[in-house]
Amino acid sequence: GGGGGGGGITAAASRSAGGGGGASGGSAEKTFTVAPGTTFTYSVASGGVAGAAGAAGGAGGASTFTADNTTVTASGAPGGGGGAAAAEVRFLGGGVPAVAINGDVNGSGASGGTGLSLSNTAAVSGSGGSSIFGGGGAARASQIDGDDGIGRGSGGGGGCSISGSGDALGGAGAGGVIIVEEFA
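Position numbers for residues start from 1 in each chain and track the written sequence from start to end. At least 70 in pLDDT is required for a residue's local features to be given in this predicted model, at least 80 for side-chain atom pairs to be given and counted, and no such filter applies to totals for whole chains, interfaces and linings, which use all residues. Remark: hydrogens and water are excluded; side-chain values derive from all non-hydrogen atoms of the structure.

Caption draft 1: Main features of the overall build of the protein. In this description a helix means any DSSP run of H or I spanning at least four residues, a strand means any run of E spanning at least two, and both kinds are numbered starting from the N terminus. Assigned secondary structure in the protein consists of zero helices and 12 strands. Walking the protein from its N terminus toward its C terminus, one meets helices and strands in the order β-β-β-β-β-β-β-β-β-β-β-β. Seen through its C-alpha atoms, the protein measures out along the principal axes to roughly 65 × 20 × 20 Å. Two residues form a contact once any of their heavy atoms are found within 4.5 Å. Contacts spanning at least 24 positions in sequence make up 62% of the contacts within the protein whose residues lie at least 6 apart. For every accessible area listed, the method is Shrake-Rupley and the probe measures 1.4 Å; residues are considered covered only by the protein chains on display. In the structure as shown, the protein presents an accessible area of about 8,100 Å², 54% of it carried by carbon and sulfur atoms.

Quick look at the structure:
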């Protein structure tokens, strides 16, 4: 499934915060026995949108593959938490992944990292959850927008705002992938 987007941060004077990272999407494996002429349908998920200033990242979509009246679903991942910069210690949660369904093997993605506000001048954003295809957006401890997820299905990193220097957007989650292998 698609990775969730990282959370965004709204700047506040002399305040800091880091957004939560988006989770990575679920994965599934399934073996079908098919006859010539069997029809398949599928949909490859998009990644979750980056969190706008002060907003949570968007959820990634689900990837589906249907054959023989069975639909295998690799679940999309939720985005990371967003919010306003704060003076006190504060946590903005990373996305928690869902498990795929109807596969012979069903797996979840990885959780997004938690964003932390440590003081007026220090914060760290949460990293995006990695997938089996590569890394999520990196955690940041300086004034910067979140990184997009890199590997298919990975989550976007949270944005980081330091000492009211400006809003910080989250990173976008990466889209999903479907791999079909034929055995004769």
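Caption draft 2: Quick look at the packing of aromatic side chains. Two aromatic rings, drawn from Phe, Tyr or Trp (for Trp, its six-membered ring), form a pair once their centres lie within 6.5 Å of each other, and the interplanar angle then sorts them: stacked below 30 degrees, edge-to-face above 60, tilted otherwise. Inspection of the entire model under this criterion finds two aromatic pairs. Three or more aromatic residues joined by ring pairs form one cluster here, namely Phe 32, Phe 40 and Phe 65. Think of it as a cone above the ring: NZ of Lys or CZ of Arg counts as a charge over the ring if it is within 6 Å of the ring centre and within 35 degrees of the ring normal. Lys 30 extends its terminal NZ or CZ atom over the ring of Phe 32, reaching a point 5.9 Å from the ring centre.

Caption draft 3: Summary view of the sheet that holds strand S4 (residues 41–43). Read across the open sheet, the three strands follow the order S4-S5-S6; overall the sheet is antiparallel. Of all the strands in the sheet, just S4 and strand S6 (70–74) have a single pairing partner and so form its edges. Ignoring which end each strand starts from, the neighbouring axes of this sheet average 10 degrees apart. Whether two strands pair comes down to DSSP finding at least two bridges between them. The axes used here are C-alpha line fits, helices contributing only the stretch in contact, and every angle between their N-to-C directions lies in the interval 0 to 180 degrees.

Caption draft 4: Main features of the side chain of Ser 154. Note on placement: Ser 154 falls in the loop between strand S11 (123–124) and strand S12 (160–161). Look past the residues within four positions of Ser 154 in its chain and what remains in contact with it is Gly 3, Ala 23, Ser 24, Gly 129, Ser 130, Ser 131, Gly 134, Gly 135, Gly 136, Gly 149, Gly 173 and Ala 174.

Caption draft 5: Inspection of the environment of Gly 156 at higher detail. Residue placement: Gly 156 occurs in the loop between S11 and S12. Relative accessibility under 20% of the residue-type maximum defines a buried residue, over 50% an exposed one, and the middle range a partly exposed one, all with a 1.4 Å probe and only protein chains included. Owing to a relative accessible area of 0%, Gly 156 belongs among the buried residues under this scheme. C-alpha of Gly 156 to C-alpha of Gly 112: the two residues are 44 residues apart in sequence and 8.3 Å apart in space.

Caption draft 6: Structural context of the sheet that holds S11. Read across the sheet, three strands follow the order S8-S10-S11 without closing on themselves; strand pairing throughout is antiparallel. Sheet topology places strand S8 (90–92) and S11 at the edges, where each strand pairs with a single neighbour.

Caption draft 7: A look at unusual backbone geometry. In the Ramachandran plot, Asn 102 falls in the positive-phi region, its phi being about 70 degrees despite a non-glycine side chain. Summarising the element assignment, Asn 102 is placed in the loop between S8 and strand S9 (105–107). For Ser 163, which is not a glycine, the phi torsion comes out positive at approximately 50 degrees. Looking at the element boundaries, Ser 163 is found in the segment after S12.

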